[in-house]
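Observations on the model geometry
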Amino acid sequence: MTGDPAQTLAERLIGSSHALLDTEQRHVLAKIEERRPLSRDAADVADETATWANRLSDRVAAVGGSWRFIIGFSVVLFGWMLLNSDVLSHWGLAFDPYPYIFLNLMLSTLAAVQAPIIMMSQNRQASKDRLAASLDYEVNLRTELEMLRLHEKIDMLVADKLDEVLAAVRDVPAATR
């Protein structure tokens, strides 16, 4: 073993050279060495790197995928149809009479814009999920390595106690045993 603490930890706990470890394993060993907590909230980490466009796509997806949007949009559609079929058509002012060609154009445009934005948000969510999985792996690895370290300490304490008991037994004269 070398004098490098990271190399020593890597060999003792993971059984591999520090140079052969992946990024998560190195990060875990560094935190063990620093004696600092490892866990982080995946949402906070993702939000730190989120751009304005990412946050906008998340908001559009949150609004577009809600009952409030569906109900509000239905009210607007029925209002549009009612306005152009009954109210404005009595005075000959209907700007989009049945079959509502302008309304269909606007709906198609909305769908053409909204679908890719929602897909961007879904891609971002998938990225957040991968980040959360990576952070969970780091925490699980840290927990496992710390448990191994605790087992080593307990084993050493038990071995020391056994050595003390054996020494005490050896010191007792054979006649009194």
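1. Examining the overall build of the protein
- Counting secondary structure elements, the protein contains six helices and zero strands.
- In the protein, the succession of α and β elements from N to C terminus is α-α-α-α-α-α.
- In terms of C-alpha radius of gyration, the protein reaches 33 Å, well past the compact-globule figure of 16 Å for 177 residues.
- When the backbone C-alpha atoms are referred to their principal axes, the protein occupies close to 125 × 40 × 20 Å.
- Among the 177 residues that make up the protein, the fraction classed as buried is 23%.
- Relative to all contacts within the protein whose residues are 6 or more apart in sequence, the contacts with residues 24 or more apart total 56%.
- Looking at the protein, you have 18 positive and 24 negative side-chain charges, and the mean spots of the two groups are 4 Å apart.

2. Here we look at the environment of Leu 9
- Inspection of the secondary structure puts Leu 9 in helix H1 (residues 5–14).
- Overall, Leu 9 belongs to the buried group, its relative accessible area being 10%.
- Through-space distance from the C-alpha of Leu 9 to that of Ala 46 is 30 Å; in sequence the pair is 37 residues apart.
- Dropping the residues within four chain positions of it, Leu 9 is found in contact with Ile 14, Leu 29, Ile 32 and Glu 33.

3. A look at the pattern of salt bridges
- Scanning the model with the defined rule gives eight salt bridges in all.
- With a shortest N-O distance of 3.4 Å, Arg 40 and Glu 138 are connected by a salt bridge. Here Arg 40 is found in the loop between helix H2 (23–34) and helix H3 (42–49), whereas its partner Glu 138 is found in helix H6 (residues 101–171), with 98 residues between them in sequence.
- With relative accessibility at 42%, the residue Arg 40 sits in the partly exposed group.

4. Focus on H3
- Every buried residue belonging to H3 is among Ala 42, Val 45 and Ala 46, and all of these are buried. Each buried residue of H3 lies within a common arc of 95° when the element is viewed along its axis, so the set occupies one face.
- In this structure, the buried residues of H3 make contact with H6.

5. Side note on H2
- Between its first and last C-alpha, H2 extends 16 Å over 12 residues, near the 16 Å set by a 1.5 Å rise per residue.
- Of the positions making up H2, those classed as buried are Gln 25, Val 28, Leu 29, Lys 31 and Ile 32. Viewed along the axis of H2, the buried residues span an arc of 160°, placing them on a single side of the element.
- As for H2, its buried residues are in contact with H1 and H6.
- At the N-terminal boundary of H2, the capping side chain belongs to Asp 22, with an oxygen 3.4 Å from the backbone nitrogen of Glu 24.
- Of the residues one or two after H2, Arg 35 is the one with positive phi, at around 55°.

6. A few points about the nonpolar core
- In terms of nonpolar packing, the biggest core is built from 10 residues, these being Leu 9, Ala 10, Leu 13, Leu 21, Val 28, Leu 29, Ile 32, Leu 38, Leu 141 and Leu 145.
- Mapped onto this core, the elements with two or more residues apiece are H1, H2 and H6.
- Those residues in contact with Leu 21 that lie beyond four places of it in its chain are Ala 10, Ile 14, Ser 16, Arg 26 and Leu 29.

7. A word on the packing of aromatic side chains
- Tallying each qualifying case throughout the model produces four aromatic pairs.
- Joined through ring pairs, the aromatic side chains of Trp 80, Phe 95 and Phe 102 make up one cluster.

8. Some words on the packing of helix H4 (residues 52–64) against H6
- Their axes nearest at 8 Å, the elements H4 and H6 cross at an angle of 110°. In this view, H4 runs roughly perpendicular relative to H6, as classed from their interaxial angle. The element H4 and its partner H6 pack so that their crossing is left-handed. In this structure, H4 uses Asn 54, Ser 57, Asp 58, Val 60, Ala 61 and Gly 64 to contact H6, whose residues at the interface are Gln 114, Ile 117, Ile 118, Met 120, Ser 121, Arg 124 and Lys 128.
- Looking at side-chain class alone, the contact of H4 with H6 contains five nonpolar, five polar and three charged residues.

The rules behind each value
- Residues numbered from 1 in each chain as written.
- Predicted model: local features only at pLDDT ≥ 70, side-chain atom pairs only at ≥ 80, totals over all residues.
- Heavy atoms only, no water.
- Helix = DSSP H or I, 4+ residues; strand = E, 2+ residues; numbered from the N terminus.
- Rg over C-alpha atoms; globule rule 2.2 N^0.38 Å.
- Buried < 20%, exposed > 50% of the residue type's maximum accessible area, 1.4 Å probe, protein only.
- Contact = heavy atoms within 4.5 Å.
- Lys, Arg positive; Asp, Glu negative; His and termini not counted.
- Charge placed at Lys NZ, Arg CZ, Asp CG, Glu CD.
- Salt bridge = Lys/Arg side-chain N within 4 Å of Asp/Glu carboxyl O.
- Arc of directions from axis to C-beta.
- Expected span 1.5 Å × (residues − 1).
- Polar contact = N/O pair within 3.5 Å; in protein donor to acceptor, adjacent residues only side chain to side chain.
- Core = buried A, V, L, I, M, F, W, Y, C linked by side-chain atoms within 4.5 Å.
- Phe/Tyr/Trp six-rings, centres within 6.5 Å; stacked < 30°, edge-to-face > 60°.
- Axes fitted to C-alpha atoms, helices over the stretch in contact; angles between N-to-C directions.
- Parallel < 35°, antiparallel > 145°, perpendicular 65-115°, else oblique.
- Left-handed = near helix turned anticlockwise from the far one by under 90°.
- Nonpolar A, V, L, I, M, F, W, Y, C, P; charged D, E, K, R; others polar.

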